[in-house]
Amino acid sequence: MQRRTSRLALVGAGVFALALTACAPGANAGGGSESEPSAEANPWFDQAQFDLENERRSAQFEGDPAKPYLQYLAGDMVAAADYALDRPGKVCFANASLSNTWRQTGWITMNQQLQVLQEQGVVQVMETRDAQDSDDTQVADIDYFVNEGDCDGFIISPYSPDATTAAVERACETGKPVIVFDRAVSTDCVTSFVHSVGGMAWGIDVGEFIADQLEPGDKVVALRTAAGVDVFESRWAASQKIFDDAGIEYVDYLTGADPAEIKKAVTDEIAKGEIDAVWVDLGDQSVPAIEAFEDAGVDVPIVNGEDNMAYLRAWKERDLNGFGGVYSNFQWRTALLALTQLWQGQDIPKDWVVPQTPITSAELDAVLRVNDEMPDVHSTSFGGEDLPGFPDAWRERIIP
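Residues numbered from 1 in each chain as written. Predicted model: local features only at pLDDT ≥ 70, side-chain atom pairs only at ≥ 80, totals over all residues. Heavy atoms only, no water.

- In the annotation of an unreviewed UniProt entry, the entry for the chain reads Substrate-binding domain-containing protein, and the organism field reads Agromyces soli.
- What UniProt records for the chain under Subcellular location (unreviewed entry) is the sentence "Cell envelope".
- Quoted straight from UniProt, the Sequence similarities (unreviewed entry) entry for the chain says "Belongs to the bacterial solute-binding protein 2 family." (UniProt positions renumbered as here; feature names shortened; annotations may be inferred.)

## A look at the packing of aromatic side chains
Then, number 1: Overall, the coordinates contain 19 aromatic pairs when judged by the stated rule.
Then, number 2: On the numbers, 5.7 Å between centres and 35 degrees between planes, the contact of Trp102 with Tyr327 is tilted. Taken as a pair, Trp102 in helix α2 (residues 101–119) and Tyr327 in the loop between α9 (309–317) and α10 (331–343) lie far apart in primary sequence, 225 residues in all. For the pair formed by Trp102 and Tyr327, the shared burial category is buried.
Then, number 3: On the basis of an interplanar angle of 35 degrees and a centroid distance of 5.7 Å, the ring pair of Tyr311 and Trp315 is categorised as tilted. (Phe/Tyr/Trp six-rings, centres within 6.5 Å; stacked < 30°, edge-to-face > 60°. Helix = DSSP H or I, 4+ residues; strand = E, 2+ residues; numbered from the N terminus. Buried < 20%, exposed > 50% of the residue type's maximum accessible area, 1.4 Å probe, protein only.)

## Remarks on the nonpolar core
Then, number 1: Ranked by internal contacts, the top residues of the largest apolar core, which has 55 residues, are Ile155, Ile179, Ile210, Val220, Phe243 and Trp279.
Then, number 2: For this core, the two domains that each supply at least three residues are domain 1 (47–52 + 199–318) and domain 2 (65–197 + 328–355).
Then, number 3: Counting residues in each nonpolar core, the second largest holds 35 residues, with Val221, Ala265, Leu312 and Leu364 among its members. (Core = buried A, V, L, I, M, F, W, Y, C linked by side-chain atoms within 4.5 Å. Domains from an automatic or database assignment.)

## Notes on the pairing of strand β9 (residues 219–224)
The side chains of a regular strand alternate between both faces of the sheet.
Then, number 1: For β9, the tally of buried residues reaches 6 of 6 residues, placing the bulk of the element in the interior.
Then, number 2: Residues Lys219, Val221 and Leu223 line one face of β9 and the alternating positions Val220, Ala222 and Arg224 line the opposite face, and both faces are buried.
Then, number 3: Where β9 lies against strand β10 (residues 249–254), 6 bridges are found, and the strand directions are parallel. For Arg224, the partnering residue across the bridge sits in β10 and is Leu254.
Then, number 4: Taken together, β9, helix α6 (residues 230–246) and β10 form a β-α-β motif whose crossover is right-handed.
Then, number 5: Bridge count between β9 and strand β11 (residues 277–280): 4 bridges; the pairing is parallel. Paired with Val220 across the bridge in β11 is Ala277. (Pairing = 2+ DSSP bridges. Right-handed = clockwise from strand over helix to strand, strands pointing away.)

## Re the environment of Gln285
Then, number 1: If you trace the backbone, Gln285 turns up in the loop between β11 and α8 (286–296).
Then, number 2: Here Gln285 falls in the buried class, since its relative accessible area comes to 0%.
Then, number 3: Distance in space between the C-alpha atoms of Gln285 and Leu364 is 19 Å, their sequence separation being 79 residues.
Then, number 4: With sequence-adjacent residues up to four places away left out, Gln285 is seen in contact with Leu223, Arg224, Thr225, Thr255, Ala257, Ile262 and Val280.
Then, number 5: Among the polar contacts listed, one links the side chain of Gln285 to the side chain of Thr225, at a separation of 3.2 Å. (Contact = heavy atoms within 4.5 Å. Polar contact = N/O pair within 3.5 Å; in protein donor to acceptor, adjacent residues only side chain to side chain.)

## Considerations on the domain arrangement of the chain
Then, number 1: According to the domain assignment, the chain contains domain 1 (47–52 + 199–318) and domain 2 (65–197 + 328–355).
Then, number 2: Look at where the C-alpha atoms of domain 1 and domain 2 centre, and you get two points 31 Å apart.
Then, number 3: Both sides together, the interface formed by domain 1 and domain 2 hides about 630 Å², and carbon and sulfur atoms give 57% of it.
Then, number 4: Applying the counting criterion to the domain 1 and domain 2 interface returns 0 salt bridges.
Then, number 5: Along the contact surface separating domain 1 from domain 2 lie 1 residue pair in polar contact (both at pLDDT 80 or more).
Then, number 6: Grouping the amino acids of the side of domain 1 that touches domain 2 by side-chain chemistry returns 3 nonpolar, no polar and 2 charged. (Buried area = accessible area lost by both parts, 1.4 Å probe. Salt bridge = Lys/Arg side-chain N within 4 Å of Asp/Glu carboxyl O. Nonpolar A, V, L, I, M, F, W, Y, C, P; charged D, E, K, R; others polar.)

## Things to note about α10
At 3.6 residues per turn, the α-helix brings residues three or four places apart onto the same side.
Then, number 1: For α10, spanning 13 residues, the distance from its first C-alpha to its last is 19 Å, which sits close to the expected 18 Å at 1.5 Å a residue.
Then, number 2: Where burial is concerned, most of α10 is hidden: 13 out of the 13 residues are buried. (Expected span 1.5 Å × (residues − 1).)

Structure representation (structure tokens):
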């Protein structure tokens with residue numbers, strides 16, 4: 001069974017429930033501005049991390065390519081001997097939120113994998129607490145699990161890197177395995193960190209796709225979801241570096257992924273002159289941006305997106321110049337399997353990096369065929385095609 005003791009709700013249209021009270025340097029909420037004068041001036045830009053993720057984009061992954069959720073980069077392994085169980089275990093999952101469609105899709109995949117593990121007698125129950133995009137709530141959630149004292153292992157998807165670190169360390173002190181996924185924390189105590197190649201790799205993929213088609217002096221309008229969230233900040237920092245090197249001009253807006261704010265930003269920029277490309281850090285922003293050009297009666301320029309079906313369908317149906325950046329959704333499945341593999345006596349990677357493969361025009365038709373029955377909010381890198389609930393659970397957005 002799946003025990004949910006938290007404030008849990010799916011948010012339609014994937015809009016972030018965030019109060020944008022702070023902006024990154026050079027950006028502002030509700031209005032465009034010149035960004036940081038260069039990527040190097042952006043506090044979120046890290047050249048070493050940029051180089052590492054750039055290298056990993058073409059790295060050779062261990063494991064079966066047909067099961068990307070189990071693939072990993074070679075590196076240090078965690079010995080399972082101290083964590084093996086001879087009975088079904090209790091999973092304690094502290095989740096940042098379900099406030100966007102990427103997270104909602106991953107949550108469905110995790111629950112479908114959970115059902116399999118319960119049928120196999122590996123997991124007894126998974127208790128989940130949803131922090132609803134609040135650092136304070138997530139700290140309280142983790143401490144609740146620690147104080148309850150009946151967790152056989154922790155899975156934590158942090159809301160922000162620093163605020164939850166002390167609570168994660170308290171979970172580590174229990175001696176039970178702690179699996180962190182998606183966003184990192186600022187401690188090395190965790191048993192394993194499961195993540196896609198990274199936000200900078202995503203930013204390089206998207207930035208290069210746009211920059212390769214533009215000339216120096218061309219203009220990009222960047223639509224950013226939120227300031228201070230590492231996944232989004234690293235995407236922008238990497239793309240900004242690509243644009244700087246190519247001599248491309250840009251202006252950025254913080255939109256909160258609100259369709260009205262997105263359309264307003266794009267409409268304002270259309271009124272100022274030609275736009276050569278629109279860059280987004282979240283696929284939910286793409287379709288409102290496309291619609292803004294259509295509403296204005298002007299040609300739609302390059303608009304990137306992600307692997308969400310709404311964008312992929314718009315790309316195909318409108319014959320756009322598109323590109324889908326991917327931050328692999330199947331890592332939600334990997335995180336649960338990482339914990340249960342330890343219980344079953346299987347060593348796992350300490351830094352579990354899963355593949356991250358963007359969608360180009362060459363792959364678009366195949367991706368759409370496989371996911372033809374899925375709703376617009378579906379993320380195609382969900383990695384659950386071999387689970388018993390496919391396709392109904394994802395098509396119908398079933399939450400056990």
